[in-house]
Amino acid sequence: MERHDIAAQLLENGDSLWSHVECDVKRERVIVYARLHANPPLGIEGSLVASERVLASVLGGREWLAAVQWSDRLCRTFTAPRAGATAADGETDL
């Protein structure tokens, strides 16, 4: 799947969450950069939880890393879930 196809599929499934999505495919890993809408209807925390669900659903079966940004300096990174692990890595200051 091409990076434009992945970005389009993510936006289609997460359009209420993100204002912008970009993807890169590098060495069999998909890297996603997403920006939450200003004033997300689910709030920041709810939108991050929903973002993780959409990312895992669309990107399932692939190695992936995603940064979901909600301010100029704050984002949360997510990775493909590993057996018995959680996907959230935590907040990152850009």
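Positions within a chain are numbered from 1, following the residues in the order the chain's sequence is written. Where local features are concerned, this predicted model is filtered to residues with pLDDT of at least 70; where side-chain atom pairs are given and counted, the filter is 80 or more; whole-chain, interface and lining totals use all residues. Hydrogens and water molecules were not included; the side-chain quantities draw on all heavy atoms of the structure.

## Re the pairing of strand S3 (residues 63-69)
Put simply, the rule reads: The rule is simple: take the accessible area with a 1.4 Å probe, protein chains only, and divide by the maximum for that residue type; under 20% is buried, over 50% is exposed, in between is partly exposed. Comment: elements are numbered from the N terminus, with helices defined as DSSP H or I runs of at least four residues and strands as E runs of at least two. We call two strands paired when DSSP finds no fewer than two bridges between them. When the strands point away from the viewer and the connection leading from the first strand across the helix to the second strand turns clockwise, the crossover is called right-handed.
The two faces of S3 differ: Trp64, Ala66 and Val68 on one face are buried, but Glu63, Leu65, Ala67 and Gln69 on the other face are not. With seven bridges joining them, strand S2 (residues 29-36) and S3 adopt parallel strand pairing. In the sheet register, Ala34 faces S3, and the bridge partner there is Val68. The parallel pair S2 and S3 is bridged by helix H2 (residues 43-59), and the resulting crossover is right-handed. As judged from the five bridges shared by S3 and strand S4 (residues 74-79), these two strands associate in the antiparallel manner.

## Considering the side chain of Ser51
Rules: For this analysis, a polar contact is any N or O atom pair within 3.5 Å, provided that within protein one partner can donate a hydrogen and the other can accept it, and provided that sequence-adjacent residues contribute only side-chain to side-chain pairs. Note on contacts: a residue pair qualifies if any of its non-hydrogen atoms lie within 4.5 Å across the two residues.
Within the secondary structure, Ser51 sits in helix H2. A polar contact is formed between the side chain of Ser51 and the side chain of Trp18, at a distance of 3.0 Å. Among the polar contacts listed, one links the side chain of Ser51 to the backbone oxygen of Ser47, at a separation of 2.7 Å. If sequence neighbours within four positions are ignored, Ser51 has contacts with Leu17, Trp18, Leu36 and Val68.

## Quick look at H2
Spelled out, the test is: A helix's residues, less one, multiplied by 1.5 Å, set its expected span.
Taking 1.5 Å as the rise per residue, H2 with 17 residues should run 24 Å; its terminal C-alpha atoms sit 23 Å apart, in good agreement. Turning to H2, its buried residues are Ser47, Leu48, Ala50, Ser51, Val54, Leu55, Val58 and Leu59. One or two steps after H2, the chain reaches Gly61, where phi turns positive at roughly 90 degrees.

## A short note on the pattern of salt bridges
Selection criterion: Basic side-chain nitrogens of Lys or Arg form a salt bridge, by our definition, when they fall within 4 Å of a carboxyl oxygen of Asp or Glu.
In the structure shown here, the tally under the stated rule is three salt bridges. Between Asp72 and Arg35 there is a salt bridge; the shortest N-O distance is 3.9 Å. Of the two residues, Asp72 is situated in the loop between S3 and S4 and Arg35 in strand S2; the sequence distance between them amounts to 37 residues. For Asp72, a relative accessible area of 66% puts it in the exposed group. Since its relative accessible area comes to 27%, Arg35 is described here as partly exposed.

## Thoughts on unusual backbone geometry
Despite not being glycine, Arg27 has its phi angle at roughly 50 degrees, a positive value. Topologically, Arg27 is positioned in the loop between strand S1 (18-26) and S2. Located in the positive-phi region is Asn39, a residue other than glycine, with phi close to 55 degrees. Within the secondary structure, Asn39 is located in the loop between S2 and H2. With relative accessibility at 73%, the residue Asn39 sits in the exposed group.

Honestly, it's all geometry; don't read function into it.
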